[in-house]
Amino acid sequence: MGENTTTAAVLGGPEALPPAAERASSSSFMAERATAVEEDDEPQIELDGLAAALYMAKCRDSGLVPIQNGMIRFQQQVLSEHKGTSTVGQEVRLRDAGLGPRGGQVLCKYLATPVGLDLHGNGSLGDAGAGALLPLLEHGTVRRLDLGACGLRHDFAAALSRYVLRAPNALSSLTHLILGGTGTGVQRLNELRQVPALLLVLQHNCPRLRVLSLSHNALGAGGDAQHTVLALAALLTQSSTLATLDLSRNALGHAAAPLLQVIPLCPALVDLDLGGNGLGDRGVALIRKGLATKSSNDVVAGLTGTIAEIAAHAVSLRAGPRRRWESQMTPTPVRLQRLVLSSNDLHAAGARNLAALLSGPSHLRTLTLADNAFGDEGATELAAALCGNRTLEELNLGNNRLHHTGAAALAEALRTRCSLQVLRLPRNHLLDAGAFALAAALPASSTLRLLDISSCRVGDSGAVALAEALGSNRSLRVLRLHDNNITEVGGYRLVSLLQAHLTDDRASGRQMGGIHQAHRVLIRHASSFCSAPAPAPAP
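Residues numbered from 1 in each chain as written. Predicted model: local features only at pLDDT ≥ 70, side-chain atom pairs only at ≥ 80, totals over all residues. Heavy atoms only, no water.

1. Some remarks on the overall build of the chain
Counting its regular elements, the chain contains 21 helices and 13 strands. Of all intrachain contacts in the chain linking residues separated by at least 6 positions in sequence, the fraction that spans at least 24 positions is 84%. As displayed, the chain has an accessible area near 22700 Å², and 52% of this comes from carbon and sulfur atoms. (Helix = DSSP H or I, 4+ residues; strand = E, 2+ residues; numbered from the N terminus. Contact = heavy atoms within 4.5 Å. Areas by Shrake-Rupley, 256 points an atom, 1.4 Å probe, with all protein chains shown as cover.)

As structure tokens, this is what we get:
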């Protein structure tokens, strides 16, 4: 059988052979499997053979001695994550599998026209292993490529660029390119360099790209940070399909200014993650200025210098005549719906700019501002803007130095017709006073579905007030109170209140699945408070 010949070639190659002590048993094990099945089962042999070859390569890369039980467990892992039994025309998913450079070589030898390669979290893969995968792109069948947290360094971006220039159709079907993110266990985050040339190649040779992730790549620490930002701005303004861009945790700082300014010129951008880039209040001012500008002529006039800089950079990379670039950078209706600005050293001034943005016409549905320093002043500014906003559905102000004053301002916004469905306030200093304010607003809210005040130093009285307010609220489904100062007395009081709400809801025929689940969780927690019977509530 042809596939068995391929399997034998991979397993018998010099890069995949186990040590001599294990070679005979491993080879006989695979031979027995190959002869024990009929022709109709050949796809299963194919995938099993790939798993066995990858296991041998993994052992060689890590210096471990392969054993048969280890091979069987690894095969089971591969089969459980795989959608089918064939390696032809399938999406291969091997996340956090411990693959190294030889693993990349085995995949290249064994796979045929995959539609997806998800190798996220294989921190030992490195430039050599990822480079070995490039021939799999030749036929242009790959739609998703995920090499996040694979230990990529300075050579891979350039290698991918060169390969695509030699095979122009290699990325013709690609919609998702993930070169950032974190893994589990022992991680090796990517540190890509020579990214501008890759971005230029994507612009000209990847017409269907919808999602691009370059997070956790320390792009701001590289010498080409400014050129990278300009190339990103050029890609975004020229692409009619790129909807999601993740640049989080790159410490771009002020170098990100050109990208922030051209947001109104990005025709497809819907989801932008800029968390962990140290943009500061100045960066938020640039975002607000771009998104809040109403006149197309004003946009072009305000960005003349930036557009010229991007065009000049594109011409320097042989991307076409400067005149064509400048003429194609025209304002489009801003479609941005999700904006992440966590960990950007934002203060009250940044909150004022964001509040001004929310007060005007906006399509934003999710705004994530966790791990900044807005304080009560910033929260008050945002709360005032929420009172007249009818589009924002989720707001995250976790770990922003909020106290009861900020909570009271947000509670006042909940009393109005604001559209918030999710409000996240974890890791602030709300105390019971903040919980009281939020509890008082719950009966008037008809849209809020999730409220998170975990780790906010809320005590028994504040938690009980929130639980009592559930009786007058018909929208809230999730209330997060974990890691607060709730004692056993408060815990049992919460259980009894939820039990009462459940009885009332059953009588009225109301569906309260979220409350049922919360009740079960609280019962488990209450039983762990102490071994004695539940104490009577305080009078």
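2. Considerations on helix 7 (residues 156-166)
For helix 7, a buried count of 8 out of 11 residues is recorded, marking the element as mostly surrounded by other parts of the structure. Among the residues of helix 7, those classed as buried are Phe156, Ala157, Ala158, Ala159, Leu160, Ser161, Tyr163 and Val164. Check the buried side of helix 7 and you find it contacts helix 6 (126-132) and helix 8 (195-205). (Buried < 20%, exposed > 50% of the residue type's maximum accessible area, 1.4 Å probe, protein only.)

3. Digging into the pattern of salt bridges
For the coordinates displayed, the defined rule picks out 11 salt bridges. Between Arg352 and Glu377 there is a salt bridge, with its nearest N and O atoms 3.1 Å apart. Taken together, the positions of Arg352 in helix 15 (residues 348-359) and Glu377 in helix 16 (residues 375-386) put the pair 25 residues apart, joining distant regions of the chain. Note that Asp371 and Arg427 form a salt bridge whose closest N and O atoms lie 3.0 Å from each other. You can see Asp371 sitting in the loop between strand 9 (366-368) and helix 16 and its partner Arg427 sitting in the loop between strand 11 (422-424) and helix 18 (431-441), a full 56 residues away along the chain. Classification of Arg427 by relative accessible area gives partly exposed; the value is 41%. Each member of the salt-bridge network shares a partner with another, and the members are Arg93, Arg95, Asp118, Arg144 and Asp146. (Salt bridge = Lys/Arg side-chain N within 4 Å of Asp/Glu carboxyl O.)

4. Quick word on the confidence of the model for the chain
Residues shown with low pLDDT carry predicted positions that ought not to be read at fine detail. Scored by pLDDT, the chain has a mean of 80; 73% of the residues are at 70 or more. When the criterion is pLDDT under 50, residues 506-521 qualifies, and its contacts beyond four places in sequence or with other chains add up to 22 contacts. (pLDDT = per-residue confidence, 0-100.)

5. Points about the packing of helix 18 against helix 19 (residues 460-469)
One way to put it is that helix 18 packs onto helix 19 with a least axis distance of 8 Å and a crossing angle of 10°. In terms of axis orientation, helix 18 runs roughly parallel to helix 19. Of the residues in helix 19, those in contact with Asp432, Ala435, Phe436, Leu438 and Ala439 of helix 18 are Asp460, Ser461, Gly462, Ala465, Leu466 and Ala469. Within the contact of helix 18 with helix 19, the residues separate by chemical class into 7 nonpolar, 2 polar and 2 charged. (Axes fitted to C-alpha atoms, helices over the stretch in contact; angles between N-to-C directions. Parallel < 35°, antiparallel > 145°, perpendicular 65-115°, else oblique. Nonpolar A, V, L, I, M, F, W, Y, C, P; charged D, E, K, R; others polar.)

6. Comments concerning the packing of aromatic side chains
The tally for this structure, following the rule as stated, stands at 1 aromatic pair. For the pair Tyr55 and Phe74, a centre-to-centre distance of 6.1 Å together with 40° between the ring planes defines the contact as tilted. Here the residue Tyr55 occupies a position in helix 3 (residues 42-62), and Phe74 occupies one in helix 4 (residues 68-81), the gap between them amounting to 19 residues. Accessibility classification places Tyr55 together with Phe74 in one group, the buried group. (Phe/Tyr/Trp six-rings, centres within 6.5 Å; stacked < 30°, edge-to-face > 60°.)

7. So, the nonpolar core
Across soluble globular proteins, nonpolar side chains show a tendency to be buried alongside one another. Residues Leu147, Leu212, Leu214, Leu341, Leu395 and Ile453 are the most contacted members of the largest nonpolar core, which totals 136 residues. No other element matches helix 3, which puts 9 residues into this core. Look past the residues within four positions of Leu214 in its chain and what remains in contact with it is Leu179, Gly180, Leu192, Val195, Leu199, Leu219, Leu232, Asp246, Leu247 and Asn250. (Core = buried A, V, L, I, M, F, W, Y, C linked by side-chain atoms within 4.5 Å.)

8. Quick notes on the environment of Arg417
Along the polypeptide, Arg417 turns up in the loop between helix 17 (404-415) and strand 11. Taking the relative accessible area as the measure of exposure, Arg417 reaches 66% and is therefore exposed. Considering only alpha carbons, one finds Arg417 and Leu386, 31 residues apart in sequence, at a separation of 9.0 Å.

9. Thoughts on the side chain of Asp146
Looking at the element boundaries, Asp146 is found in strand 3 (residues 144-146). Asp146 sits in the buried class, given a relative accessible area of 2%. Among the polar contacts made by the side chain of Asp146, one reaches the side chain of Arg95 at a distance of 3.5 Å. The contacts of Asp146, once residues within four sequence positions are left out, are Arg95, Leu117, Asp118, Leu119, His120 and Ile178. (Polar contact = N/O pair within 3.5 Å; in protein donor to acceptor, adjacent residues only side chain to side chain.)

10. Some details on unusual backbone geometry
Residue Asp96 is not a glycine yet carries a positive backbone phi of 50°. Assignment of secondary structure puts Asp96 in the loop between strand 1 (91-93) and helix 5 (101-110). By relative accessible area, which is 31% here, Asp96 ends up partly exposed. Even without being a glycine, Asn399 presents a positive backbone phi close to 55°. Overall, Asn399 belongs to the partly exposed group, its relative accessible area being 32%.

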